[in-house]
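Here are the chains, one letter per residue:
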Amino acid sequence: MSIEEIFKIAAAIIASLGGGALLLAAFSHWLGSLWAKRMLQNERAKHEESLQKLKAENEAALEDLKAQIDTLKQKELNRHFDKLAIYKDVIHIVSEILRELEAVATSTQESISADVEHSFALNRNKAYGYISLVSCQEVLDKYNEMIDFFIPLLYEGKQATWEQMREKADSMLNAMRNDLGINEGEVVYRGTR
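S.K.: Hey, could you go over the overall build of the protein chain for me, with residue numbers and the actual values?
M.R.: For the protein chain, the helix and strand inventory stands at four helices and zero strands. The helix and strand sequence of the protein chain, counted from the amino end, reads α-α-α-α. Burial analysis of the protein chain (193 residues in total) assigns 21% to the buried set. The contacts in the protein chain between residues at least 6 apart in sequence include a share of 59% that link residues at least 24 apart. As displayed, the protein chain offers around 14000 Å² of accessible surface, 58% of which is attributable to carbon and sulfur atoms.

Below, the structure is given as structure tokens:
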């Protein structure tokens, strides 16, 4: 056998196997592509299902969070209105005693009315309790400063000017305004009396 014949036989064997190999390779490629597409579709379906589940969970959590926020808003709003109502009552008590103290300080009245003094004595402790329930320490401190200033005027015969009395009341009012979130500056008595 010559080299030529060996090459011819080898070429024939390779050619016969190569055609089958080519068919086998083509079939393997087609089958692999088919399997890959099916696996990709299955994975996409799983991911889509997971995504939908996550969306549903997130929407439920978001709705729950919105409900909690609405509840907190309502509680804060109720608390704000409670403070406002209590502060109005405190201002009424303070206005009554200020009117009497002013009358005595300006000598238009000799002494404080017994009814007003009794009302003040009774209501100042209630006001302290109400402020303590809904307010901050700053408001309570300013209220106490004012009451501690008024008591010697009422019961010990001490003297004070209208401006001093008004300053104590304004200080308490400013603390209340701060607590209510009114931040347009402090109120100050600028009158002449």
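What follows picks up the thread again.
S.K.: Tell me what's going on with the nonpolar core, and back it up with residues and numbers.
M.R.: Val90, Val94, Ile97, Leu101, Tyr143, Met146 and Phe150 are the most contacted members of the largest nonpolar core, which totals 30 residues. Of all the secondary-structure elements, those providing two or more residues to this core are α1 (3-105), α2 (114-134), α3 (137-155) and α4 (162-180). When neighbours within four sequence positions are excluded, leucine 101 is seen to be in contact with Ile112, Phe150, Leu153, Leu154 and Met165.

S.K.: Quick rundown of the confidence of the model for the protein chain? Include the residues and the values.
M.R.: On average, residues of the protein chain score 85 in pLDDT, and 88% of them reach the 70 mark or higher. Per-element confidence in the protein chain ranges from a low mean pLDDT of 81 for α1 to a high of 94 for α3.

S.K.: Can you lay out the packing of α2 against α3 for me, pointing to particular residues and giving the numbers?
M.R.: Close contact between α2 and α3 brings their axes to 11 Å; oriented N to C, the two are set at 165 degrees. Comparing their axes, α3 and α2 come out roughly antiparallel. Between α2 and α3 lies a crossing of left-handed hand. Counting all contacts with α2, which are made through Glu117, Phe120, Ala121, Arg124, Ala127, Tyr128, Ile131 and Ser132, the residues of α3 involved are Val139, Leu140, Tyr143, Asn144, Ile147, Phe150, Ile151, Leu154 and Tyr155. Its residues placed into classes, the contact of α2 with α3 shows 13 nonpolar, two polar and two charged.

Rules used in this analysis
Residues numbered from 1 in each chain as written. Predicted model: local features only at pLDDT ≥ 70, side-chain atom pairs only at ≥ 80, totals over all residues. Heavy atoms only, no water. Helix = DSSP H or I, 4+ residues; strand = E, 2+ residues; numbered from the N terminus. Buried < 20%, exposed > 50% of the residue type's maximum accessible area, 1.4 Å probe, protein only. Contact = heavy atoms within 4.5 Å. Areas by Shrake-Rupley, 256 points an atom, 1.4 Å probe, with all protein chains shown as cover. Core = buried A, V, L, I, M, F, W, Y, C linked by side-chain atoms within 4.5 Å. pLDDT = per-residue confidence, 0-100. Axes fitted to C-alpha atoms, helices over the stretch in contact; angles between N-to-C directions. Parallel < 35°, antiparallel > 145°, perpendicular 65-115°, else oblique. Left-handed = near helix turned anticlockwise from the far one by under 90°. Nonpolar A, V, L, I, M, F, W, Y, C, P; charged D, E, K, R; others polar.

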